[in-house]
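Read off the chains here:
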Amino acid sequence: MTNKEWPLWEVFIRSKQGLSHKHFGSLRASDEKMAIENARDVYTRRSEGISIWVVESSNIVASDPSKADSLYDPSNSKVYRHPTFYDVPDGIEHM
Amino acid sequence: MNSLFEYLVRLGDDSLILGHRLSEWCGHGPILEEDIAMTNISLDLIGQATTFLEHAGKVEGKGRSEDDLAFLRYQKDYKNLLLVERPNGDFGVTMMRQFLFDAFRKPLFERLVNSKDEQLSAIAAKSLKETTYHLRHSSEWVIRLGDGTEESHQRVQDALDELWKYTAEMFVEDEVNQNLTENGIIPSMEGLKEEWNATVTSVLDQATLTIPTNNWEQHGGRNGKHSEHLGFILTELQYMQRAYPGMEW
Amino acid sequence: MSSRIRIFVVELLSQMKEQDISELERIFQEKIDQDIKIEPKDWMPDNYRKTLIRQISQHAHSEIVGMLPEGNWITRAPNLRRKAVLLAKVQDEAGHGLYLYSATETLGADREDTIDDLHSGKAKYSSIFNYPTLTWADMGAVGWLVDGAAIMNQVPLCRCSYGPYARAMVRVCKEESFHQRQGYEIMMTLMSGTIEQKEMAQDALNRFWWPSLMMFGPPDTDSKHTKQSMEWRIKRHTNDELRQMMVDFTVPQAEAIGLTIPDPDLKWNEEKGGYDYGEIDWDEFWNVVKGNGPCNKDRIDTRRKAKENGAWVREAANAHAEKRKDRKIA
Ligand SMILES: [Fe+2]
Ligand SMILES: [Fe+2]
Ligand SMILES: [Fe+2]
């Protein structure tokens, strides 16, 4: 008997309305319906979620951590993207 | 005889005994994910049993709790379907048993939501949500196994052949049902069997399985005439209550 | 290329590699020292990876084998509430096993291979699960002591240096919190019951006390992995530190409900602010680890059988998925 493993799936769950889906973990399933059901049974036993995404792990393209410097460091210097970069005089509200 | 009590006991016992059977799988499932899934179904069923039997005890009015009813009756007083006391067999038997039962339970609860008995209606509404999920889960498995490998097809076809004769008992209308319908406590069950038939035909068709032609009907559970299997279930279920009578746990 | 030049190039390359690796190792240890988590695709020393795979998969196996001694009592639970609680608890352990196997998979260890190592006896799991559960009170003792000890082991692991392991442990610890409580509640109920029930509870404590203390592993003097694991922050306390904590926490809990810890040498030590306790039978411990425990064979046989009996199911699901894919394409 061939014993090929079921594919691995990554599970993303929206824990409540208004929040984005967040990576929860992974599991094995032979097809997408089973992946959704298994995700429901494994990762929402305590009402942790209201919406589930599953993605076959092999379909995820990841960035290379050794290139992290070139990918993410440049934005560290762009402090002007953050509101705290700007001085606002005391007493000015709603800004 | 109190028809509502009797009816609630039937509903409760179906859930209790099938929940017991599924709980036997815990730790032994074909893969971890499915172990967890079956336990979820078992937990739903034991929860249903608890609420049905609690309500039954109140309706009876003799001060019996859900635990008294679940653990301290004699075999002949359990009123579950013979189908749900069938042994687990392999995973194919378990899923086929589950599917045949879920396909009956879902339209049943859809009707019972309209019961004039408020508590029964509330329990049915909650159970309906659970059962809808169970039916989806078991249908998908029946299809996977039926339309899977040659071996799985054969196994699940054998399961269907074995279990088929126990399905007719789900639709028996006796004086208990009739009493309740006449008094407007439960709605009419018209069309229930047809709906079940439609679900079963559609799923078995997708599963490439053949509906057995043997139409022999095996009844008994609803009247307390059980198979040999229930005695062994009760031996475990009642062990603590019988060995240490009257204690709190 | 002449062979001399080739040898030179190869040497040069390996020198560069060594330099690279020691540089990578330095960066790695720096991250660890600053409590920056290591993530799956980050560079890590081979031994760090191996140690983690060993530790996490052992932990996963313990969760899964650990389902069996309690699973024993699901069909015999004394009332509906206890039955549902026990079922949910054992199910949680399956979930914990799954989260942990997933964490090992991020390190490149395949789940089924890992499980095969368990079944062949190559991989270990917590020795506590090789003791039998003989009475209902054992459900109390196991929840209270075994899950209690597990929590003590696991809480520090939520800060472990490997990201996926730490995150799995956060989930596990959240879920564990009811396990210990339900166990203690069972014991408490028994201790306020009849004489038979009190005896049952005391007997369970007598059988599970010492094996629970053994759960923290051999004494620090004999523990071969502790030092490196502490440096890598995949372990945060030594075995003996955790064991001492366990004793100090548990003794008052036992006393509060009228149970007696089965240790004549147990005595409060004012100076160290903890209890002194008697000699642990390490000979028994090593024997149970080696396979001579009362249930080792039964436990592994059961798990192996579950896997074998499920093979046709897993295969059928694969075959069905293939057929559906083909139909979609056609
Ligand atoms: Fe656990
Ligand atoms: Fe636990
Ligand atoms: Fe654990």
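Residues numbered from 1 in each chain as written. Chains lettered and ligands numbered in written order. Predicted model: local features only at pLDDT ≥ 70, side-chain atom pairs only at ≥ 80, totals over all residues. Heavy atoms only, no water.

1. Some thoughts on the overall build of chain B
Stage number 1. Across its full length, chain B holds 11 helices and 0 strands.
Stage number 2. When the helices and strands of chain B are read in sequence order from the N terminus, they spell out α-α-α-α-α-α-α-α-α-α-α.
Stage number 3. The principal-axis extents of the C-alpha atoms in chain B amount to approximately 55 × 45 × 30 Å.
Stage number 4. Looking at chain B as a whole, 61% of its 249 residues qualify as buried.
Stage number 5. Of all intrachain contacts in chain B linking residues separated by at least 6 positions in sequence, the fraction that spans at least 24 positions is 82%. (Helix = DSSP H or I, 4+ residues; strand = E, 2+ residues; numbered from the N terminus. Buried < 20%, exposed > 50% of the residue type's maximum accessible area, 1.4 Å probe, protein only. Contact = heavy atoms within 4.5 Å.)

2. Examining the domain arrangement of chain B
All names here are of chain B.
Stage number 1. Structurally, chain B comprises domain 1 (1–85 + 219–249) and domain 2 (88–167 + 180–215).
Stage number 2. Listed per partner, the contact involves 28 residues of domain 1 and 31 residues of domain 2.
Stage number 3. With both chains or domains summed, domain 1 and domain 2 bury close to 2,600 Å², and 70% of this area falls on carbon and sulfur atoms.
Stage number 4. Of all residues in domain 1, the largest losses of buried area upon contact with domain 2 belong to Tyr7, Trp25 and Leu83, amounting jointly to 25% of the total for that side.
Stage number 5. Linking domain 1 with domain 2 are 11 residue pairs in polar contact (both at pLDDT 80 or more).
Stage number 6. Listed by contribution, the elements that provide at least two residues to the side of domain 1 that touches domain 2 are α1 (3–23), α2 (32–60) and α4 (82–85).
Stage number 7. Counted by class, the side of domain 1 that touches domain 2 contains 17 nonpolar, 5 polar and 6 charged residues. (Domains from an automatic or database assignment. Buried area = accessible area lost by both parts, 1.4 Å probe. Polar contact = N/O pair within 3.5 Å; in protein donor to acceptor, adjacent residues only side chain to side chain. Nonpolar A, V, L, I, M, F, W, Y, C, P; charged D, E, K, R; others polar.)

3. A closer look at the coordination of the iron ion (ligand 1)
Residues and elements named next belong to chain C.
Stage number 1. Within the protein, the iron ion (ligand 1) binds to Glu63 (OE), Glu93 (OE), His96 (ND1) and Glu176 (OE); these donor distances fall in the range 2.0 to 2.2 Å.
Stage number 2. Coordination at the iron ion (ligand 1) is irregular: its 4 donor atoms span angles of 81 to 157° at the metal.
Stage number 3. Separating the iron ion (ligand 1) and the iron ion (ligand 2) is a distance of 3.3 Å, and Glu93 donates to both of them. On the criterion of sequence distance, the pair formed by His96 in helix α4 (residues 80–105) and Glu176 in helix α7 (residues 163–191) is long-range, its members being 80 residues apart. (Donors = N, O, S within 2.8 Å, 3.2 Å for Na, K, Ca; no water. Tetrahedral: all angles 85-135°; square planar, octahedral: opposite > 155°, others 65-115°.)

4. Brief notes about the interface of chain C and chain A
Stage number 1. Of the residues lining the interface, 26 residues belong to chain C; the matching set on chain A comes to 23 residues.
Stage number 2. Buried area between chain C and chain A, summed over both chains or domains, comes out near 2,100 Å², and the portion from carbon and sulfur atoms is 45%.
Stage number 3. For the pair chain C and chain A, the interface holds 8 salt bridges.
Stage number 4. Linking chain C with chain A are 9 residue pairs in polar contact (both at pLDDT 80 or more).
Stage number 5. Elements with a minimum of two residues in the side of chain C that touches chain A: α4, α5 (111–119), α7 and α12 (296–329) of chain C.
Stage number 6. Among the elements that line the side of chain C that touches chain A, the one with the most residues is α12 of chain C, at 11 residues.
Stage number 7. Tallied by class, the residues present in the side of chain C that touches chain A amount to 8 nonpolar, 4 polar and 14 charged. (Salt bridge = Lys/Arg side-chain N within 4 Å of Asp/Glu carboxyl O.)

5. Some points on the interface of chain B and chain C
One frequent convention defines the size of an interface as the accessible area lost when the parts assemble.
Stage number 1. Contact residues are listed per partner, giving 46 residues for chain B and 45 residues for chain C.
Stage number 2. Carbon and sulfur atoms supply 70% of the area buried between chain B and chain C, which totals about 4,000 Å² over both sides.
Stage number 3. In terms of surface lost to chain C, no three residues of chain B exceed Leu32, Asp147 and Trp249 of chain B, which account for 18% of the buried area on that side.
Stage number 4. Linking chain B with chain C are 3 salt bridges.
Stage number 5. Among the salt bridges present, the one from Asp147 of chain B reaches Arg327 of chain C, with a minimum N-O distance of 2.7 Å.
Stage number 6. For the side of chain B that touches chain C, the secondary structure elements donating two or more residues are α1, α2, α3 (66–71), α5 (91–112), α6 (118–146), α7 (150–163), α10 (228–237) and α11 (239–243) of chain B.
Stage number 7. Of the residues forming the side of chain B that touches chain C, the biggest block, 10 residues, is contributed by α2 of chain B.
Stage number 8. Looking at side-chain class alone, the side of chain B that touches chain C contains 20 nonpolar, 14 polar and 12 charged residues.

6. Regarding α7 of chain C
Stage number 1. Along its 29 residues, α7 of chain C runs 42 Å from first to last C-alpha, staying within 8% of the 42 Å computed at 1.5 Å per residue.
Stage number 2. For α7 of chain C, the principal kink sits at Glu175 of chain C and spans about 30°. (Expected span 1.5 Å × (residues − 1). Bend = angle between axes of the 7 residues up to and from the residue.)

7. A word on the coordination of the iron ion (ligand 2)
Residues and elements named next belong to chain C.
Stage number 1. Those protein atoms acting as donors to the iron ion (ligand 2) are Glu93 (OE), Asp147 (OD), Glu176 (OE), Glu176 (OE) and His179 (ND1), and they sit at 1.9 to 2.7 Å.
Stage number 2. Residue classification places Glu93 among the buried residues on the basis of a relative accessible area of 5%.
Stage number 3. Here Asp147 falls in the buried class, since its relative accessible area comes to 3%.

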